[in-house]
Amino acid sequence: MGDGRGPRLSRRRPLSTALVLGAGGTVGLAYHAGALKALHEVAGFNPDDSDLVIGTSAGSVVAAYIRAGWSIQDLWNLVLSGVQLPPGPVSDAEEEHDSGILPDLFARAFDTPVDLIRRSLGSAFVMSRSVLRLPLPVLPGPLRRAFPGGLFRMSDGRLRLESELPSEWPRKAIWLCAVDIVSGRRIVLGRSRPPRMTLAQAVMASCAIPGVYPPVRYGRRELIDGGAHSTTNLDLAARAGSDLIISLVPMGFDPSDPPGCAGRLVRRFANATLDAELGQADRKGSHVFLFRPGAAEARIHGINLMRAGDLAPVAQAAYEATARRLESGTLERMLRTVA
């Protein structure tokens, strides 16, 4: 965690910074809040000053709130208390849904045993498409309705996102990653132009865990969690020509301080895809600063990354570990160079 990689930065042209926020469920949200708070307080890094912010799944939630004007303290309060909201008028929806970070993550989408069977078959199809990403003809509407994917809904989470995020896309660059199960391709919402969907809808698409939540319809596309392609999608920042990439990887682990066998097994996919993306960043000449959990943090994260409670220890551990790794001042000096 906190390792810098890449060549020496040059002053020959204006330098750019990208912030890459990875997947990780509600535990990932807490990890981001803690790590970003340390980056802000110790290194003087303001996430919204990044030229580009890329978010995947849980990282898309944090990215959207950052670009919507939420401060690091707002995010910290959201994770630790789930009650305090940014300054400003409070809507009825906010008052109704301010009792937790995402109060109802697993509202059942089925009512009868038959409905459960239909949704289970549809969810199995979505999960298979997330693994075997090959082009597929668009399924007829009646078939999609007969076998809908997703056993649960994030009903309260959707309401919170819709009430707390602007409907229009921010002017500053924000890319949210999803996967289209029809074409099998990664879809980067916001890369070329603001998509024909609200910011909240794009976040929901990036967070649509295959088989757990329904895909989000976008034209002829069926979008699911961008983590099905990569938990970070850091290669996008390198391809965009970012000189300095700061990446938070809640689902990975620090190879210099690895967790036990079970922890390494669970987090292997994140590290494997990240290693390939780091190779691309090296070839593009980007300098990468990675922040990912060590063994002690991985134990605090546990296995259930979608739990609704007990998130304060995750955020606090991320803050402390990140602050320790920033004591050298290397990142702070590089940020001053970019500025």
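What you see is a predicted model; the values in this text were computed from it and never measured.

Caption draft 1: Representation of the overall build of the protein chain in the model. Within the protein chain one finds 13 helices and 11 strands. In the protein chain, which comprises 339 residues, the share counted as buried stands at 56%. Restricting the contact set of the protein chain to residue pairs at least 6 apart, pairs at least 24 apart contribute 79%. Total accessible area on the protein chain stands at roughly 15100 Å², and carbon and sulfur atoms take up 55% of it.

Caption draft 2: Inspection of unusual backbone geometry at higher detail. Phi is positive for Asn-233, which is not a glycine, with a value near 60 degrees. On the secondary structure map, Asn-233 appears in the loop between strand 9 (221-225) and helix 9 (235-239). Even without being glycine, Asp-310 reaches a positive phi, approximately 60 degrees. Within the fold, Asp-310 resides in the loop between helix 11 (295-301) and helix 12 (312-325). On the basis of relative accessibility, which here comes to 56%, the residue Asp-310 falls in the exposed class.

Caption draft 3: Looking closely at the side chain of Arg-267. Its place among the elements puts Arg-267 in helix 10 (residues 261-284). A distance of 2.6 Å separates a polar atom in the side chain of Arg-267 from the backbone oxygen of Pro-250. Filtering out sequence-adjacent residues up to four positions away, Arg-267 remains in contact with Pro-250, Met-251, Gly-252, Phe-253, Pro-293, Ala-298 and His-301.

Caption draft 4: Quick peek at helix 10. The terminal C-alpha atoms of helix 10 lie 33 Å apart, and with 24 residues this matches the ideal 34 Å at 1.5 Å per residue to within 8%. Along helix 10, the sharpest change in direction is near 55 degrees and occurs at Arg-267. Remark: Gly-285 follows helix 10 within two positions and exhibits a positive phi of approximately 85 degrees.

Caption draft 5: Broad picture of the nonpolar core. Core analysis: the largest hydrophobic core is formed by 67 residues, its most contacted members being Ile-246 and Leu-248. Top contributing element to this core by residue count: helix 1 (residues 25-43), with 10 residues. The contact partners of Ile-246, leaving out residues within four places of it in the chain, are Ala-18, Leu-19, Val-20, Leu-39, Phe-45, Phe-289, Phe-291, Leu-331 and Leu-335. Residues Val-188, Val-249, Leu-274 and Leu-290 belong to the second largest nonpolar core, which totals 18 residues.

Caption draft 6: Just the environment of Leu-78, in detail. Within the secondary structure, Leu-78 is located in helix 3 (residues 72-80). The sequence separation of Leu-78 and Leu-29 amounts to 49 residues, and the corresponding C-alpha distance is 9.6 Å.

Caption draft 7: Structural context of the packing of aromatic side chains. Counted by the stated rule, this structure contains 2 aromatic pairs. Ring centres 6.2 Å apart and planes at 65 degrees place the aromatic pair Trp-76 and Tyr-319 in the edge-to-face group. With a gap of 243 residues between them, Trp-76 in helix 3 and Tyr-319 in helix 12 connect regions that are remote in the sequence. In this structure, Lys-37 is placed above the aromatic ring of Trp-76, and the distance from its NZ or CZ to the ring centre is 5.2 Å. We note Arg-191 situated over the ring of Trp-175; from NZ or CZ to the ring centre the distance is 6.0 Å.

Calculation criteria
Residues numbered from 1 in each chain as written. Predicted model: local features only at pLDDT ≥ 70, side-chain atom pairs only at ≥ 80, totals over all residues. Heavy atoms only, no water. Helix = DSSP H or I, 4+ residues; strand = E, 2+ residues; numbered from the N terminus. Buried < 20%, exposed > 50% of the residue type's maximum accessible area, 1.4 Å probe, protein only. Contact = heavy atoms within 4.5 Å. Areas by Shrake-Rupley, 256 points an atom, 1.4 Å probe, with all protein chains shown as cover. Polar contact = N/O pair within 3.5 Å; in protein donor to acceptor, adjacent residues only side chain to side chain. Expected span 1.5 Å × (residues − 1). Bend = angle between axes of the 7 residues up to and from the residue. Core = buried A, V, L, I, M, F, W, Y, C linked by side-chain atoms within 4.5 Å. Phe/Tyr/Trp six-rings, centres within 6.5 Å; stacked < 30°, edge-to-face > 60°. Lys NZ or Arg CZ within 6 Å of the ring centre and 35° of its normal.

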